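Letter by letter, the chains look like this.
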Amino acid sequence: MGIATVAVYSDADARALHVEMADEAVHIGPSPAGESYLRDDRIVTAAINARAEAVHPGYGFLSENPDFADQVIAAGLVFIGPSPASMRAMGLKDAAKRLMERAGVPVVPGYHGEGQELVLLASKAREIGYPVLIKARAGGGGRGMRRVDNPDDLAEALSSARREARAAFGDDRVLVEKFIESPRHIEVQIFGDNFGDVVHLYERDCSAQRRHQKVIEEAPAPGMTQAMRTAMTDAAVKAAKTIGYSGAGTVEFIVDASDGLRPDRFWFMEMNTRLQVEHPVTEMITGIDLVEWQLRIANGEKLPRSQEQIALSGHAFEARIYAEDAARGFLPATGTLHHLAFPAQSPTLRVETGVRAGDAVSPYYDPMIAKLVVSGPDRAAALEALSMALEQTEIAGSVTNVAFLVALARDADFAAGAVDTGMIVRKQETLTAASAATPAVVSAALLAASGLDSLSAGDDPWSSPAGYSHFHPIERQTSVQGAQGEVVAFLSADPAGRAMIRFDGERERQAIARDRAPRTALWPGHLTVFSGGAAFDYIMRDPFAKKAQSETDDTGMRAPMPGFVKIVRATRGDTVNKGQTLLVLEAMKMEHTITAPHDGTIAEIAAEGAQITEGTVLVTFEQA
Ligand code: ADP
């Protein structure tokens, strides 16, 4: 569109990709978001100084903050988004639900009132019927949300939800609603202009969630019927018109699909008054550039197309690639992305990322690395394209959820479209099971560690990886340290460029040619082998280094990630039972409850308020 861009950045992002891509960039403060990306004053000042005409708030940080929009407008700039008034109308979940109820949009049964006393909420919860869901009224990103199955757990869940909500949003008020068992999350993309017109761009299904957060999204929703689509899109357009909405917005619904998709079984959950992370799947099936529309509408133009001119074709998926450890409850991770390779982009495959090889995933922001977006003529074709794209993705230097995403994309129930928001939890064990390194993976690691994989094969004894010796090939010893322990191997190569590898008592014949073996990446002290979406990390053994420190022993519990100790529930000498809460860690803006792995007596426990690094010993037990 020929529009010049000015990026803002914090200390941590001084060399970030978005800074490099923008025409200009302005530094707005230190790394913590509260001192930079959440400083509305600094962003507005940066915009004024750069002589910008408009501000696009993206989809995080201040994107749904009406006070920020007010400041942008007061500075004489255009805010690329809805009016602050319509953001306010949808900003708090309780008020939004009351408004939608009045407008005739179906809302989840629950209590959305002002009263917050325990007795009141307890009686409301009883009326609604357990299980119930506590939600922070200012909530987002699944934070401040607790499922409660019986009345005895309500008080504890309430205080924990409030604590998290206060820390995250500065507002600890909550609402209580019916917990819908095995629901689907289906949302409708809408667009309004400043002339009172609103259109929808069909639905997205975001039911594949972990920790109430989306990981794979798709459009359209599997199993969608014409009656259901009409009912949902009508409700979404009505919701947007009720608040005089302009710009891009998403109306989220929760759907009880236990008996198929039925027009009387969906309820308004909330409206996101901004562009969504998963908007590319809508772009793929409609051929419409949503950001272009945002800019046009902010520029005072009418909606570029009428409802009849917006057609749906094909199917699209988006997978969110995060630095997180799926096997450890999807714990966010940090690290330097020493190696990063994605499949080639095309009209049916998009890679959206803010990082490049060598960049770090810092503890300051969301640990998302990239989004892979694919489309195909139908759902099966698009899903196959997604699996293949994920399998070609190579990331080394931090744990990622890529192998988990492949397992999900290849899951039979997911392929059948039988997905609800609880599916990942139910199948967590199978979806996050670490695959064992095959002999081909181990061989590739050994070849890479020995350097034999990168040498060219040929008849010339001087350049041949075989080297030269009389009578029989030279054997050299190499070892790598992997998840399954140390592997010592003997390698030799013949003049034809084939390597013989002997390890674990086996004899594995492995071609040196790089294109035949699993791909590998070397990074300081390590190497990673990529196979079927899984990344197998190996430490390259330095024979001169001292023996590594001792492993975690089974009497102590170590911090799974950097963070700080928020609450301590036990002291030295306490006898605790398996599963009992010992302490609560706060890390990456989330609370993590650490429970006793077995019965025992506490010998030492970390102090409340202590800052800890990954691997810090939190609790030790007395020897039985
Ligand atoms: P947030 O704004 O924190 O993301 P949402 O209200 O959008 O919270 O809900 C996030 C997710 O939580 C939903 O997609 C759904 O999986 C789950 N959820 C929300 N409300 C309910 C409910 N009443 N019953 C069951 N699950 C729910």
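Check the entry above for the structure.
A brief look at the structure comes next. These numbers come from a predicted model, not from an experiment.

**Digging into the pattern of salt bridges**
- Under the criterion given, the structure shown has 45 salt bridges.
- With its nearest N and O atoms 3.0 Å apart, the salt bridge here joins Glu64 to Arg274. Taken as a pair, Glu64 in the loop between β3 (54-55) and α3 (66-74) and Arg274 in the loop between β13 (266-272) and α9 (279-286) lie far apart in primary sequence, 210 residues in all.
- Given a relative accessible area of 29%, Glu64 falls into the partly exposed group.
- Classification of Arg274 by relative accessible area gives buried; the value is 16%.
- Between Arg262 and Asp259 there is a salt bridge, and its shortest N-O distance comes to 3.0 Å.
- Residue class for Arg262 comes out partly exposed when judged on its relative accessible area of 29%.
- Relative accessible area serves as the criterion here: at 46%, Asp259 is assigned to the partly exposed category.

**A short note on the environment of Leu38**
- Relative to the assigned elements, Leu38 resides in the loop between β2 (24-29) and α2 (40-49).
- Under the relative-accessibility criterion, Leu38 is labelled partly exposed at 37%.
- It is 9.8 Å that separates the C-alpha atoms of Leu38 and Gly60, two residues lying 22 residues apart in sequence.
- When neighbours within four sequence positions are excluded, Leu38 is seen to be in contact with Ala33, Phe61 and Leu62.

**A short note on the packing of aromatic side chains**
- Within the structure shown, the criterion is met by nine aromatic pairs.
- Ring centres 5.1 Å apart and planes at 90° place the aromatic pair Phe253 and Phe266 in the edge-to-face group. Remark: Phe266 occurs in strand β13 and Phe253 occurs in strand β12 (residues 247-256); sequence separation between them is 13 residues.
- We classify Phe253 as buried; its relative accessible area is 0%.
- Among the residues examined, Phe266 registers a relative accessible area of 3% and is labelled buried.
- Among the aromatic residues, those joined into a cluster by ring pairs are Tyr37, Phe61, Tyr364 and Tyr365.
- Here the basic side chain of Lys302 rests over the ring of Phe195, its NZ or CZ set 5.0 Å away from the ring centre.

Criteria and thresholds
Residues numbered from 1 in each chain as written. Predicted model: local features only at pLDDT ≥ 70, side-chain atom pairs only at ≥ 80, totals over all residues. Heavy atoms only, no water. Salt bridge = Lys/Arg side-chain N within 4 Å of Asp/Glu carboxyl O. Helix = DSSP H or I, 4+ residues; strand = E, 2+ residues; numbered from the N terminus. Buried < 20%, exposed > 50% of the residue type's maximum accessible area, 1.4 Å probe, protein only. Contact = heavy atoms within 4.5 Å. Phe/Tyr/Trp six-rings, centres within 6.5 Å; stacked < 30°, edge-to-face > 60°. Lys NZ or Arg CZ within 6 Å of the ring centre and 35° of its normal.

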